[in-house]
Amino acid sequence: MRVIKQISKLQLNLLNQKKIGKKVHLIPTMGALHDGHISLVKSAKAKKAIRIVSIFVNPDQFSPNEDLNKYPSTIKHDLKLLKKERVDIVFLPNKDEIKKYKIKYKIPNLSIENKLCGKTRPHFFPGVKKIVTKLFDIIEPDKSFFGEKDYQQYLVIKELCKKMKRKTVIVKCRTIRDQKGLALSSRNNYLNEKEKKMAQKINQLVKQFLPFFRKNLKVGTGTQMLKKDLYKHGIDSIDYLKIFTEQLTTRKKLNDKCRLFIAVKIGSTRLIDNYKI
């Protein structure tokens, strides 16, 4: 496993790999790796491909009142995990170099980024698009792997590639959960034991409601019932609880291509999840 920090060194290495017929599979991360990230790494494994994991806490996707300064950093632990998985390259971009890296084209605005997380986190998707565009420009991956937990992010990046006519295939990988069903997230590190139990309870409550939704319960009625139940069990606030199609379009009645999207705050920690109906 090679750890590379300079863009020029990374590009030279990749050029040599591509000359001998290797494909490039990229897993972009912000570090603080857990089993969810490792599942992406495993999904990216292929005989004729090299796997690159990038680790960079991207300041552009945080608003001034968010958790940039306390976002967990576990670089030694991360490198140990990636070495165990026999990752080929870990890209740790220099902050100044990646910031100054020029994108030669305009990044498009996408209507899909104005929903759900985009409403309450206006910095988020513009920041994500910017760093992903830079990584794709530098690395030119054949495939890039993203977790289903961040479903809206997956759709935004997929649409971004389509609009910018990039050949990179965006691969969606299943959500990894703990034994109680809580979706793994680096932000789970913020939760104390009481808050963690509360977060796990959300998953149980949502799953109890899914059969009601499957019986074509009206979307508005069902989501209001679920909100009441969540508040009853002590959730501090609900950012959103919405049902959309898998393309994030509105649907009044349900079918098998709908998802329930949820974002809540437990204490000061914001957690997101989604469930296929």
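Residues numbered from 1 in each chain as written. Predicted model: local features only at pLDDT ≥ 70, side-chain atom pairs only at ≥ 80, totals over all residues. Heavy atoms only, no water.

### Digging into the sheet that holds strand β4 (residues 89-91)
Part 1: Here six strands make up an open sheet; going across it, the order is β1-β4-β3-β2-β5-β6 and the pairing parallel. In this open sheet, the two edge strands, each paired with only one partner strand, are β1 (2-4) and β6 (169-173). Averaged over all adjacent pairs, the angle separating strand axes in this sheet is 25°, with direction ignored.
Part 2: Here strand β2 (residues 23-29) runs beside strand β3 (residues 49-55); their pairing, made up of seven bridges, is parallel. (Pairing = 2+ DSSP bridges. Helix = DSSP H or I, 4+ residues; strand = E, 2+ residues; numbered from the N terminus. Axes fitted to C-alpha atoms, helices over the stretch in contact; angles between N-to-C directions.)

### Thoughts on the nonpolar core
Part 1: Counting 43 residues, the largest nonpolar core has Leu 10, Leu 14, Ile 52, Phe 136 and Ile 139 as its most contacted members.
Part 2: The set of elements that each furnish at least two residues to this core consists of α1 (7-19), β2, β3, β4, α6 (124-139), α7 (151-163), β7 (237-245) and β8 (258-266).
Part 3: At nine residues, the largest contribution of residues to this core is made by α6.
Part 4: Setting aside anything within four residues of it in sequence, one finds Ile 139 in contact with Leu 10, Leu 14, Lys 18, Val 24, Leu 26, Ile 52 and Phe 91.
Part 5: Counting 25 residues, the second-largest nonpolar core is a separate cluster that includes Leu 182, Ile 202, Val 206 and Ile 277. (Core = buried A, V, L, I, M, F, W, Y, C linked by side-chain atoms within 4.5 Å. Buried < 20%, exposed > 50% of the residue type's maximum accessible area, 1.4 Å probe, protein only. Contact = heavy atoms within 4.5 Å.)

### Some thoughts on α6
Part 1: Here α6 contains 16 residues, and its C-alpha end-to-end distance of 22 Å stays within 8% of the 22 Å for a straight helix at 1.5 Å per residue.
Part 2: Extensive coverage of α6 is indicated by the burial of 14 of its 16 residues. (Expected span 1.5 Å × (residues − 1).)

### Observations regarding the state of the cysteines
Part 1: Across all of its chains, the model carries zero disulfides by this definition.
Part 2: Left unpaired, Cys 161 is separated from the closest cysteine sulfur, that of Cys 173, by 15 Å.
Part 3: You can call Cys 161 buried: its relative accessible area is 3%.
Part 4: Cysteine Cys 258 remains unbridged, with the sulfur of Cys 117 as its closest cysteine sulfur at 18 Å. (Disulfide = S-S within 2.5 Å.)

### A look at the sheet that holds β8
Part 1: Spatially, three strands are ordered β7-β8-β9 in an open sheet, and the strand pairing comes out antiparallel. Each edge of the sheet is formed by a strand with only one pairing partner; in this case those strands are β7 and β9 (269-276). Strand-to-strand twist across the sheet, computed as the mean angle between neighbouring axes with direction ignored, equals 10°.
Part 2: Of the pairings in the sheet, the one linking β7 to β8 comprises eight bridges and is antiparallel in character. Each residue of the ladder has a partner; that of Ser 237, found in β8, is Lys 265.
Part 3: This element, helix α8 (residues 193-214), spans β7, β8 and β9 of the sheet and lies at about 155° to β8.

### Topic: the side chain of Arg 270
Part 1: Mapped onto the secondary structure, Arg 270 falls in strand β9.
Part 2: Those residues in contact with Arg 270, other than ones at most four positions away along the chain, are Cys 117, Thr 120, Arg 121, Arg 187, Asp 239, Tyr 240, Ala 263, Val 264 and Lys 265.

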